[in-house]
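For reference, the chains in residue letters:
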Amino acid sequence: MARKNARAVNGILLLDKPLEVSSNGILQRVRWLYQAQKAGHTGALDPLASGLLPICFGEATKFSQFLLDTDKTYLVTACFGIRTSTSDSEGEVINERPVSFSDAELEQALQSLRGDILQVPTMFSALKHQGQPLYKYARQGITIEREARPISIFRFELLERDGNHADFIVHCSKGTYIRTLIDDLGELLGCGGHVSKLHRTQVGPFSAAQMVKPGQLDALAEQCHSSADFSALDALLLPLDAGIVTMPALQLNLEQQHQLQHGQNCSVVADDIDAIRLLGPAELFIGIGRVQQGVLSSRRLLNTSAVQKPATQINAL
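This section reports on the structure supplied with the text.

### Topic: the nonpolar core
And step 1. If you look at the biggest cluster of nonpolar residues, it comprises 27 residues, and the most contacted ones within it are Phe-80, Phe-156, Phe-168 and Leu-185.
And step 2. Sorting the residues of this core by element identifies β4 (72–80), α3 (103–112), β10 (149–162), β11 (165–172), α5 (178–188) and β12 (193–203) as the ones contributing at least two each.
And step 3. Those residues in contact with Phe-156 that lie beyond four places of it in its chain are Leu-110, Leu-113, Arg-114, Phe-168, Ile-169, Val-170, Leu-181, Ile-182 and Leu-185.

Written out as structure tokens, the structure is:
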């Protein structure tokens, strides 16, 4: 798409990512449908995974990191008795063992994986070693030593069990690898296991009920492209600050707003906080700041031209 034909789209789309496509592939497709100048997603889903994929357009990309850092919820199906190299159904079978655990043993294993735990990231991850993603080393048969990292599993519950397959719901902190969690569960049960199905249902404040399916976008885009009127597509976008609505907010006056937007700090009456949502006059969302000893500094600010509507009403600008 030529840049001169692209639109200045701003907002967040909650896409229901389908199976068998990469997150980047569907991102580029959606960006083309919107004819948008700039877009990015907030945390990739593997081709074998489906579900909630927030896509940030324009100014919303400035705040995508805060969605990357938030908690998430997944529905996952585990296949027990087979351990694979990737901890999912695409990997090579490492070993097969009989499945003989009881429901009580399963619950005991789940309990040991709840709360604040340490997890060793999978080699099939995008974490980098000497500038290269770990999955590139893994595909060459190279294993890199990885340190265990702290994560939090807020919820890990059995929904249904049918023979060697079981459905779970997992609510977890950032940095959690669901494939590794299921692999660890299989090892605790003594039979091994891998992920056969994964569907994301929640990212921070966003839920599955808000998702838009690609087919819906395609139908609207056909009409929008033919009429050169993108209002129907733009109406699907959430406000720029929709992903950080739970962040504490600070109301600024016009002078304080101007100071920040000209690269200056300003004095405020507020407790120290590392990230605070900034609202200008008329409750305009203008960005995120940091307060230290009564001094407010900016972390990420919107371009002035993007601040046109109250934060609770912005759709597409």
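### Remarks on the packing of aromatic side chains
And step 1. Going through the model one piece at a time under the given rule, you end up with five aromatic pairs.
And step 2. Aromatic side chains Phe-80 and Phe-101 sit 5.1 Å apart centroid to centroid with 80 degrees between the ring planes, which places their arrangement in the edge-to-face category. One end of the pair, Phe-80, is in strand β4; the other, Phe-101, is in the loop between β6 (93–96) and α3, and 21 residues separate them in sequence.
And step 3. The rings of Phe-80, Phe-101, Phe-156 and Phe-168 are connected pair by pair, giving a single aromatic cluster.

### Describing the sheet that holds strand β17 (residues 285–292)
And step 1. Reading across the sheet, the five strands line up as β14-β16-β17-β18-β15 and stay open at both edges, with mixed pairing between neighbours. Edge positions in the open sheet fall to β14 (249–251) and β15 (266–267), since each of these has one partner strand only.
And step 2. The strands touched by helix α8 (residues 254–261) are β14, β15, β16 (273–279), β17 and β18 (295–301); relative to β18, the strand with the most contacts, the crossing angle is about 60 degrees.

### A closer look at unusual backbone geometry
Across the chain, the bulk of peptide bonds are trans and the bulk of non-glycine residues have phi less than zero.
And step 1. Even without a glycine there, the phi angle at Ala-228 is positive, about 60 degrees.
And step 2. Along the polypeptide, Ala-228 turns up in the loop between α6 (214–227) and α7 (231–234).
And step 3. Among the residues examined, Ala-228 registers a relative accessible area of 62% and is labelled exposed.
And step 4. With phi around 50 degrees, Gln-293 is a residue other than glycine that occupies positive phi space.

Each value, and the rule that gives it
- Residues numbered from 1 in each chain as written.
- Predicted model: local features only at pLDDT ≥ 70, side-chain atom pairs only at ≥ 80, totals over all residues.
- Heavy atoms only, no water.
- Core = buried A, V, L, I, M, F, W, Y, C linked by side-chain atoms within 4.5 Å.
- Buried < 20%, exposed > 50% of the residue type's maximum accessible area, 1.4 Å probe, protein only.
- Helix = DSSP H or I, 4+ residues; strand = E, 2+ residues; numbered from the N terminus.
- Contact = heavy atoms within 4.5 Å.
- Phe/Tyr/Trp six-rings, centres within 6.5 Å; stacked < 30°, edge-to-face > 60°.
- Pairing = 2+ DSSP bridges.
- Axes fitted to C-alpha atoms, helices over the stretch in contact; angles between N-to-C directions.

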